[in-house]
Amino acid sequence: MHRGYQYFLSSFFLTAALAAPLAASAAAKTQDNGRQEEHHRDAKDRNRVYDRDHRDYHNWNDREDRFYRQYLGERHREYRPFAEMKEKEQRAYWKWRHRHPDHDQDRH
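Structural notes, computed from the coordinates. All values derive from a computational prediction rather than experimental measurement.

Attention now moves to the pairing of strand β3 (residues 56-59). Taken together, the four bridges between strand β2 (residues 47-51) and β3 define a ladder with antiparallel strand orientation. Opposite arginine 48, over in β3, you have asparagine 59 as the bridge partner. Connecting β2 to the next strand, β3, in antiparallel fashion are four residues, including arginine 55 with a positive phi near 55°.

Now for the nonpolar core. Val49, Trp60, Phe67, Tyr68, Tyr71, Leu72, Phe82, Met85, Tyr93, Trp94 and Trp96 form the largest nonpolar core, which has eleven residues in total. Residue assignment for this core shows that the elements contributing at least two residues are α2 (62-74) and α3 (87-99). For this core, the element with the most residues is α2, which contributes four residues. Non-local contacts of tryptophan 96, meaning those with residues more than four positions away in its chain, are made with Phe67, Gln70, Tyr71, Glu74 and Arg75.

Applying the stated criterion to the full structure yields five salt bridges. Across the pair glutamate 64 and arginine 97 runs a salt bridge, and its minimum N-O distance is 2.7 Å. Here the residue glutamate 64 occupies a position in helix α2, and arginine 97 occupies one in helix α3, the gap between them amounting to 33 residues. Arginine 97 matches glutamate 64 in its accessibility class, with the two residues each being buried. In this structure, the salt-bridge partner of aspartate 65 is arginine 69, at a minimum N-O distance of 2.7 Å. Taken together, the residues aspartate 65 and arginine 69, both in helix α2 and four residues apart, mark about one turn of the helix.

Reading the values: the criteria
- Residues numbered from 1 in each chain as written.
- Predicted model: local features only at pLDDT ≥ 70, side-chain atom pairs only at ≥ 80, totals over all residues.
- Heavy atoms only, no water.
- Pairing = 2+ DSSP bridges.
- Helix = DSSP H or I, 4+ residues; strand = E, 2+ residues; numbered from the N terminus.
- Core = buried A, V, L, I, M, F, W, Y, C linked by side-chain atoms within 4.5 Å.
- Buried < 20%, exposed > 50% of the residue type's maximum accessible area, 1.4 Å probe, protein only.
- Contact = heavy atoms within 4.5 Å.
- Salt bridge = Lys/Arg side-chain N within 4 Å of Asp/Glu carboxyl O.

Take a look at the structure:
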């Protein structure tokens, strides 16, 4: 009986030791909030937004904010922070944005 108990404890601790890193990595992953944008800061501490449909990043700076406000103005919409827009609205903005390039060098 002592041997069975020792086998059980050994198996339990081995399983716990193997499962701990998996649990820690699962907890560390960010959850997808279902929104179009993903905000990141690059090495120059610029705010970058990922456009999933076009698979590229945009630096969210004064220039991008002007384009965003122009987009809202053309649609007679009041300003609302981009991150608060619905996914469909964000996708529509990026589609419009790619049709209105500013040929800047700091997009990527």
